[in-house]
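Here are the chains, one letter per residue:
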Amino acid sequence: MACPSFSHGLYTLISTGRSCSLPHASLCVWPPSADKIVSAGIVKHGRWASACNDDYRVRVLCELLSLGREGHLRWVLDIGANIGTFTLPLLAAGVNVMSFEALPENAEMLSASVAALRYRDGQKIGKSIVVGGTALDGRGNGSVCFEPRRSQFSNRNASAIDNRGGLGIAFGRDTTACSWRAVPTTTLDKELQRHFADRPPVIAALKIDVEGSEAGVFAGAESALRQMRESGATIHIESRDRNVVRDLRTEFGSVESTGGCDSNWRVPALPNKHKA
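Residues numbered from 1 in each chain as written. Predicted model: local features only at pLDDT ≥ 70, side-chain atom pairs only at ≥ 80, totals over all residues. Heavy atoms only, no water.

Engineer: What is the right way to look at the overall build of the protein in this model?
Structural biologist: Scanning the protein from terminus to terminus reveals eight helices and 13 strands. Residues counted as buried form 55% of the 276 residues belonging to the protein. For the protein, the share of sequence-separated contacts (at least 6 apart) that also reach a separation of at least 24 residues comes to 69%. (Helix = DSSP H or I, 4+ residues; strand = E, 2+ residues; numbered from the N terminus. Buried < 20%, exposed > 50% of the residue type's maximum accessible area, 1.4 Å probe, protein only. Contact = heavy atoms within 4.5 Å.)

Here you go:
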């Protein structure tokens with residue numbers, strides 16, 4: 001299966017750490033000049049360019065692997081999947097993954113990578129659902145605007161984005177005046193209902209990295225969070241929003257810092273508030 005024409009091609013991602021080793025996975029990447037952290041690192045080293053962030057990625061992957069492979073009905077949710085550096089290794093290890101990526105080009109590359117993995121050497125992989133080109137919020141009936149920050153533009157070319165992994169969404173912005181990219185919205189609960197109408201999934205874990213849009217995702221995830229409490233799921237979240245971290249601590253009782261270069265947090269297995 002071919003990568004999209006705008007990509008840089010298919011490269012191998014290595015996900016090996018002290019805790020575990022996941023199978024190598026090939027994925028479509030951006031040209032290094034367009035994605036200086038994720039794609040550039042994979043092209044050059046087979047890992048993210050930032051060593052501390054890649055160490056964090058592998059540590060989280062090891063836990064997601066242990067949680068997700070316990071049964072064929074269990075699923076890991078990857079919200080903010082980008083080009084698939086969490087999704088692809090988990091699928092290659094046999095874990096079922098439902099991936100959400102709002103940026104259409106990233107979602108297109110992710111879908112192509114999943115297809116390539118599926119047909120590589122007849123390898124049996126986990127089940128995959130990719131929800132692409134739509135953002136998660138609390139209502140799911142509108143649209144939002146991607147607005148790159150100044151730091152995401154190349155120093156050499158003020159109009160060229162060089163960090164595709166860090167694009168944020170401006171909620172409340174009039175999308176008719178969006179200067180870069182507008183996408184429709186949905187909610188996590190709606191997508192789970194759409195894809196699992198007959199039987200709700202057993203959610204083993206949730207990884208979320210949505211560049212400041214975490215509160216909107218959780219606002220549309222009431223049923224999903226209830227299911228996660230019932231299944232004893234774990235949340236891994238990257239968020240600089242202190243209000244989100246505070247709300248998680250209030251809701252679930254415990255939030256742990258998990259290191260890395262960014263503000264990474266872990267909510268341990270969620271308590272079931274509906275149990276006596």
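There is more to say after this.
Engineer: Looking at this structure, I do not really get the state of the cysteines. What am I missing?
Structural biologist: As used in these notes, a disulfide is a covalent bond between sulfur atoms, one from each of two cysteines. On inspection of all chains with the given rule, the structure shows two disulfides. One disulfide in the model links Cys3 with Cys28; its S-S distance is 2.1 Å. Around the S-S axis, the bridge from Cys3 to Cys28 shows a dihedral of about -85° and counts as left-handed. You can see Cys3 sitting in the segment before β1 (9–16) and its partner Cys28 sitting in strand β2 (residues 21–29), a full 25 residues away along the chain. For Cys28, a relative accessible area of 1% corresponds to the buried category. (Disulfide = S-S within 2.5 Å.)

Engineer: What's the story with the nonpolar core in this structure? I'm lost.
Structural biologist: For soluble globular proteins, the rule of thumb is that nonpolar side chains tend to be buried together. One finds Leu22, Leu27, Ile42, Leu64, Ile83, Leu88 and Leu90 to be the most contacted residues of the largest nonpolar core, which totals 38 residues. For this core, the element with the most residues is helix α2 (residues 51–68), which contributes eight residues. If sequence neighbours within four positions are ignored, Leu27 has contacts with Gly9, Leu10, Tyr11, Leu13, Ile42, Ile83, Gly84, Thr85, Leu88 and Ser113. Of all hydrophobic cores here, the second largest spans 31 residues; its members include Ile79, Phe196, Ile203 and Val210. (Core = buried A, V, L, I, M, F, W, Y, C linked by side-chain atoms within 4.5 Å.)

Engineer: Please explain the sheet that holds strand β5 (residues 128–132) as it appears in this structure.
Structural biologist: To summarise the sheet geometry, strands pair through backbone hydrogen bonds and adopt either a parallel or an antiparallel arrangement. Within the open sheet, the seven strands sit side by side as β5-β4-β3-β10-β11-β13-β12. Their pairing is mixed. At either end of the open sheet lies a strand with only one pairing partner, and these are β5 and β12 (256–257). Bridging between strand β4 (residues 96–101) and β5 involves five bridges; their strand directions are parallel. Bridged to Met98 within β5 is Ile129. (Pairing = 2+ DSSP bridges.)

Engineer: Help me understand the pairing of β4 in this model?
Structural biologist: On a regular strand, one side chain projects to one face of the sheet and the next to the other, so that they alternate. In terms of residue burial, β4 counts as a mostly covered element, since six of its six residues are buried. Burial along β4 is two-sided: Asn96, Met98 and Phe100 facing one way and Val97, Ser99 and Glu101 facing the other are all buried. Summarising the sheet, strand β3 (residues 74–79) and β4 pair through five bridges and their orientation is parallel. Across the sheet, residue Trp75 finds its bridge partner in β4, namely Asn96.

Engineer: Honestly, the pattern of salt bridges in this entry has me stumped. Any pointers?
Structural biologist: Side chains that differ in sign of charge can pair as their charged atoms come close. Counted under the stated rule, the structure contains 11 salt bridges. The closest approach of N and O atoms between Glu63 and Arg266, which form a salt bridge, is 2.8 Å. A residue pair is termed long-range when its members are at least 10 positions apart, and Glu63 in helix α2 and Arg266 in strand β13 (residues 264–267) qualify at 203 residues. Residue Arg266 is classed as buried on the basis of its relative accessible area of 18%. Residues joined in a network through salt bridges with shared partners are Arg47, Asp54 and Arg57. (Salt bridge = Lys/Arg side-chain N within 4 Å of Asp/Glu carboxyl O.)

Engineer: I keep staring at the packing of helix α5 (residues 188–195) against helix α7 (residues 222–231) and nothing clicks. Help me out?
Structural biologist: The packing of two helices is summarised by the inter-axis angle and the distance between the axes. Contact geometry of α5 with α7 gives a least axis separation of 6 Å together with a crossing angle of 70°. As far as their axial angle goes, α7 and α5 are roughly perpendicular. Taken together, the residues of α7 that come into contact with α5 (itself represented by Leu188, Asp189 and Leu192) are Glu222, Ser223, Ala224 and Gln227. (Axes fitted to C-alpha atoms, helices over the stretch in contact; angles between N-to-C directions. Parallel < 35°, antiparallel > 145°, perpendicular 65-115°, else oblique.)

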